[in-house]
Amino acid sequence: DAKTTQPNSMESNEEEPVHLPCNHSTISGTDYIHWYRQLPSQGPEYVIHGLTSNVNNRMASLAIAEDRKSSTLILHRATLRDAAVYYCILRGYSGNTPLVFGKGTRLSVIA
Amino acid sequence: ETGVTQSPTHLIKTRGQQVTLRCSSQSGHNTVSWYQQALGQGPQFIFQYYREEENGRGNFPPRFSGLQFPNYSSELNVNALELDDSALYLCASSRQGENEKLFFGSGTQLSVL
């Protein structure tokens, strides 16, 4: 499985934008980039995913580099409820391939 | 939207015992997968079931086994428990298809003494 590299931790002030980086230099052409997050005492939850183009949903935006070797998850206005571990995951194209989690980035949000 | 429930929430067992963990999938989901999460680590894939058949397995020994029932609920069984089996066990359900989202339960925290 292709691997991703994320910073261990990041800190943000409340109501400011947060950019969470992810490097995936060995990504293959059919790998999708998925982001999940895990709030304290909960299971992971889906945030967003994309292939080549930037993606937006109600939770976040995903910016994908043109060469696809890196991506950035953008939280437009961080709230205290966004404090979580964020996982960047590469997932193959076919069927329900399992998620391969790394250690993720622990995001702290300061009031 | 999650709708995935796991039981029990916490469990304490002793080394050598057997344990069964249960998961109720979200309505309409026919695929269930199980993950093990050690403290401070990301979840690790154990196995996946689709239409009551195992259709994918991670690097876990045979003493980890599972079942999926016709109503798509699922069980994870672990035999001959070892101290290193202490972890959070997560169940996730999804529809079958390309890049379907996984919906996770809150997990069962297993402690092996």
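Described below are features of the structure shown in this document. Just so you know, the residues in each chain are numbered from 1, in the order the chain's sequence is written. Chain labels run from A onward and ligand labels from 1 onward, assigned in the order the entries are written. For a predicted model such as this one, the threshold for reporting local features is a pLDDT of at least 70, and the threshold for listing and counting side-chain atom pairs is 80 or more; totals across whole chains, interfaces and linings nevertheless cover every residue. The side-chain figures draw on all heavy atoms in the structure; neither hydrogens nor water molecules are used.

### Brief notes about the interface of chain A and chain B
Note on contacts: a residue pair qualifies if any of its non-hydrogen atoms lie within 4.5 Å across the two residues. Every contact between the two is made by 21 residues of chain A and, on the other side, 24 residues of chain B. The junction of chain A with chain B conceals about 1,700 Å² of combined surface from both sides, 46% of it contributed by carbon and sulfur atoms. By buried area we mean how much accessible surface two parts lose on assembly, using a 1.4 Å probe and totalling the loss over both. Together, Pro-44, Asn-96 and Phe-101 of chain A form the three largest contributors to the area buried by chain A at its contact with chain B, with a combined 31%. Two N or O atoms count as a polar contact when they lie within 3.5 Å, although within protein this holds only if one can serve as hydrogen donor and the other as acceptor, and sequence-adjacent residues are included solely when both atoms are side-chain atoms. Connecting chain A to chain B are 5 residue pairs in polar contact (both at pLDDT 80 or more). By the criteria applied, helices consist of DSSP H or I runs no shorter than four residues and strands consist of E runs no shorter than two, each listed in order from the N terminus. The set of elements that each furnish at least two residues to the side of chain A that touches chain B consists of β3 (32-38), β4 (45-50) and β8 (84-91) of chain A. Top element by residues in the side of chain A that touches chain B is β3 of chain A. It accounts for 4 residues. Of the residues belonging to the side of chain A that touches chain B, the class tally is 9 nonpolar, 10 polar and 2 charged. Three classes are used, and their members are as follows: Ala, Val, Leu, Ile, Met, Phe, Trp, Tyr, Cys and Pro are nonpolar, Asp, Glu, Lys and Arg are charged, and the others, Gly among them, are polar.

### Some points on the pairing of β3 of chain A
The side chains of a regular strand alternate, first on one face of the sheet and then on the other. Residue and element names in this part refer to chain A. Throughout, exposure labels follow a simple rule: accessible area from a 1.4 Å probe, protein chains only, divided by the maximum for the residue type, with under 20% read as buried, over 50% as exposed, and the rest as partly exposed. When you tally the buried positions in β3, you get 7 out of 7 residues, the bulk of the element. Inspection of the sheet shows β3 paired to β8 by 7 bridges, in the antiparallel sense. Within β8, the residue paired with Tyr-36 across the bridge is Tyr-87. Sheet topology places β3 next to β4; 5 bridges connect them, and they run antiparallel. Looking across to β4, one finds that Ile-33 is bridged to Gly-50. Two strands are said to pair when DSSP picks up at least two bridges between them.

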